[in-house]
Amino acid sequence: MINREFFEALELLEKEKGIPVPYMIEKIQNAVSIAVKRDANGGEDNIVEIDPVTARFFVAVRKHVVEQVEDPSIEIGLGAAQGVKAGAKLGDLIEIPLDPKRFGRIAAMSAKHVIRQGIREAERGQLLAEYQSKQCDIVTATVVKTDPRRGNVTVEIGRSEAILPKSEQVPGEEYKDGERIKVYVSDVINGEKGPKIMISRIHPGLVKRLFEMNIPEVYDGTVEIKSISREAGVRSKVAVTSRDENVDAVGACIGPKGARVNSIVDELGGEKIDVIRYSEDPAEFVAAALSPASVLSVEIDPEVPRACRVVVPDHQLSLAIGNKGHNARLAARLTGWKIDIRPESGFPEEEPAAPDEQQTEEAGGTL
C-alpha cells in the first residue's frame, strides 16, 4: 500500500502543472519497471501496478518454474515456487512479489530520473500544444524588460516568456515595463530546449486578425480578405471581396463614419489603412490598389509577365507614389504586379524619371 499523500501529491501536480494523474502513474510504473530490471534481484519480465483508487502499489517479477535453475533472473526452482504460490508446477509462469525498498539507492535514483524526465516531457508537450493553439493569432503580452543594447523586448505570455525582437517591432514604438501589448504569433518552433514562440508587431497577419476581431462580416466569412500588404507604422492595404452580393465588402470594413476601421487604426497606433475592393480584373485591381490616388488608365504589358503601366493625373503623381514610394510599393505587393507609374503629360525625354518613381518591385503575398 502507498501512503494516500502520494496520490494527493499527484493530484496537486495535476492542478498546478496540468499533467493528468494517469499519465504520471504510467511514467512512474515505467520508471519502477526499469529499476527492477537493473536491480540484481530483478528481472526483465516484471509487472508494476499502481492503483490510485485502492492506493495499491504492486511490484512483481515473472519467472518460469524449472527443475534446475540456470538463470535466476528468469527462472525459479520448483520448491521455491511452491513457497510463493501453492500448487505451482514445472513449466508454470508465476509472479513473485517484490518489496520496492529492496531495489537499492541506484535503482531508486534511476526511477527518480525517469519520473522527472517524463514530467518534463509532459510539460513540454502541453506547452507546445498551448503555443500551437495560439499560432496565427493575437495574444496579449506583458512587457517584462527591454534589452538596452539590442533593443529586444522580453514579454510574458501566460506562464511563459517570449522575445519580441527589434526587427519585429514597429519603428518608433516604445515599450514600458508592465505595459500590456498585443502581439501576433507568427510561428511555433519545437527546439531542443523546448517549444519557442515567435511573435511580431509588424506581421500582416496582425492586421488580418484585427479585421476578423472587429468586423463581424469578416469573422463569419461573408467578407473575405484576399491579400494584405503592410509597412508597419506607416500604412497597410487590405483587399476585400464579398461572398454576398447584398453586402458591400469595403463599406462593411469601414463601418458607419469609419468607426470600424478607425478602431483598428487606433489599435495600430495611428497606422493608415486603405481598404481596397478586390477584382479579378488586374487593371481594376491595380487601379484600386493605388488608392487614394486617382488612376486614368492601366495598360497591361503583353511582353513582361504581370507588369503594367499606370497613368495618373500630373497632380496625383506624388500621391500615387507616396512618401518614399510607400504607396506604390504597397500596391505592388498587394496585387503581385509590377507597376510603372507615369504622369498624364509624360516624362520629359531629357529628364527620365527616377527608378522609384517609375516602377516598383513585385512582391509576393503577405498574408
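Residues numbered from 1 in each chain as written. Predicted model: local features only at pLDDT ≥ 70, side-chain atom pairs only at ≥ 80, totals over all residues. Heavy atoms only, no water.

Q: So what about the overall build of the chain? Which residues, and what values?
A: For the chain, the helix and strand inventory stands at 12 helices and 16 strands. Counting only residues that meet the buried cut, the chain has 41% of its 367 residues in that class. Look at the contacts in the chain between residues 6 or more apart in sequence, and 57% of them connect residues 24 or more apart. Accessible surface for the chain amounts to roughly 20,700 Å². Of this, 49% is attributable to carbon and sulfur atoms. (Helix = DSSP H or I, 4+ residues; strand = E, 2+ residues; numbered from the N terminus. Buried < 20%, exposed > 50% of the residue type's maximum accessible area, 1.4 Å probe, protein only. Contact = heavy atoms within 4.5 Å. Areas by Shrake-Rupley, 256 points an atom, 1.4 Å probe, with all protein chains shown as cover.)

Q: Account for the packing of aromatic side chains, with residues named and values stated.
A: Summed over the entire model, instances satisfying the criterion amount to one aromatic pair. The ring of Tyr278 has Lys226 lying over it, and the distance from NZ or CZ to the ring centre is 5.1 Å. (Phe/Tyr/Trp six-rings, centres within 6.5 Å; stacked < 30°, edge-to-face > 60°. Lys NZ or Arg CZ within 6 Å of the ring centre and 35° of its normal.)

Q: How would you summarise the sheet that holds strand E5 (residues 138-146) if you had to cite specific residues and measurements?
A: Reading across from one edge, E7-E6-E5-E8-E9 is the order of the five strands in this open sheet, with antiparallel pairing throughout. Of all strands in the sheet, those with a lone pairing partner are strand E7 (160-164) and strand E9 (194-200), marking the two edges. Strand-to-strand twist across the sheet, computed as the mean angle between neighbouring axes with direction ignored, equals 50°. Where strand E8 (residues 180-191) meets E9, seven bridges bridge the pair, whose relative direction is antiparallel. Within E9, the position partnered with Tyr184 by the bridge is Ser200. (Pairing = 2+ DSSP bridges. Axes fitted to C-alpha atoms, helices over the stretch in contact; angles between N-to-C directions.)

Q: Residues and numbers for a negative patch on the surface, please.
A: A cluster of acidic residues, Glu5, Glu8, Glu11 and Glu14, forms a negative patch on the protein surface. Considering the arrangement of structural elements, one finds Glu14 in helix H1 (residues 4-17). (Patch = residues over 30% accessible without salt bridge, like charges linked within 9 Å, V, L, I, M, F, W, Y side chains within 5 Å. Salt bridge = Lys/Arg side-chain N within 4 Å of Asp/Glu carboxyl O. Lys, Arg positive; Asp, Glu negative; His and termini not counted. Charge placed at Lys NZ, Arg CZ, Asp CG, Glu CD.)

Q: Tell me about the packing of H1 against helix H2 (residues 21-38), and name the residues and values.
A: One way to put it is that H1 packs onto H2 with a least axis distance of 9 Å and a crossing angle of 125°. Accordingly, the angle class assigned to the pair H1 and H2 is oblique. Crossing of H1 over H2 shows right-handed handedness. Between H1, through Phe6, Phe7, Leu10, Glu11, Leu13 and Glu14, and H2, the contact on the second element is made entirely by Val21, Met24, Ile25 and Ile28. (Parallel < 35°, antiparallel > 145°, perpendicular 65-115°, else oblique. Left-handed = near helix turned anticlockwise from the far one by under 90°.)

Q: How would you explain the pattern of salt bridges if you had to name every residue and give the values?
A: In the structure shown here, the tally under the stated rule is 20 salt bridges. Asp45 is paired through a salt bridge with Arg62; the nearest N and O atoms lie 3.1 Å apart. With Asp45 in the loop between H2 and strand E1 (46-51) and Arg62 in strand E2 (residues 56-66), this residue pair connects regions lying 17 residues apart in the sequence. Overall, the relative accessible area of 24% leaves Arg62 in the partly exposed class. One salt bridge connects Glu130 with Lys134, and the closest N-O pair in it is separated by 3.3 Å. Taken together, the residues span about one helical turn, with Glu130 and Lys134 both in helix H4 (residues 104-134) at a distance of four residues. Via salt bridges that share partners, Asp137, Lys208, Arg209 and Glu212 belong to a single interconnected network.

Q: I'd like a description of the pairing of strand E4 (residues 93-97), backed by residues and values.
A: Every second residue of E4 is oriented toward a common face, the buried set being Ile94 and Ile96 and the non-buried set Leu93, Glu95 and Pro97. Two strands pair when backbone bridges link them, and E2 and E4 are joined in this way by five bridges, in the antiparallel orientation. Paired with Arg62 across the two strands is Glu95, which belongs to E4.

Q: An account of the packing of helix H9 (residues 282-289) against helix H11 (residues 326-335) is needed here, citing residue identities and associated values.
A: At a minimum axis distance of 9 Å, the contact between H9 and H11 shows a crossing angle of 145°. Crossing of H9 over H11 shows right-handed handedness. When H9 is examined against H11, the residues Phe285, Val286 and Ala289 are found in contact with a partner set consisting of Ala331, Leu334 and Thr335. Here the residues of the contact of H9 with H11 sort into five nonpolar, one polar and no charged. (Nonpolar A, V, L, I, M, F, W, Y, C, P; charged D, E, K, R; others polar.)

Q: Describe unusual backbone geometry, with residues and values.
A: Following Ser291, the chain continues into Pro292 via a peptide bond in cis, with omega recorded as 15°. Here Pro292 shows up in the loop between H9 and strand E13 (297-300). Look at Lys257: it is not a glycine, yet its phi comes out positive at around 55°. Along the polypeptide, Lys257 turns up in the loop between helix H7 (249-254) and helix H8 (259-267).

Q: An account of the nonpolar core is requested, with residue identities and associated values reported.
A: In this structure, Phe211, Val238, Val240, Cys253, Ile273 and Val275 are the most contacted members of the largest nonpolar core, which totals 23 residues. Those elements that place two or more of their residues in this core are helix H5 (204-214), strand E10 (223-231), strand E11 (235-242), H7, H8 and strand E12 (272-277). In terms of nonpolar packing, the next biggest core, distinct from the first, is built from 22 residues, Met24, Val36, Val59 and Ala88 among them. (Core = buried A, V, L, I, M, F, W, Y, C linked by side-chain atoms within 4.5 Å.)

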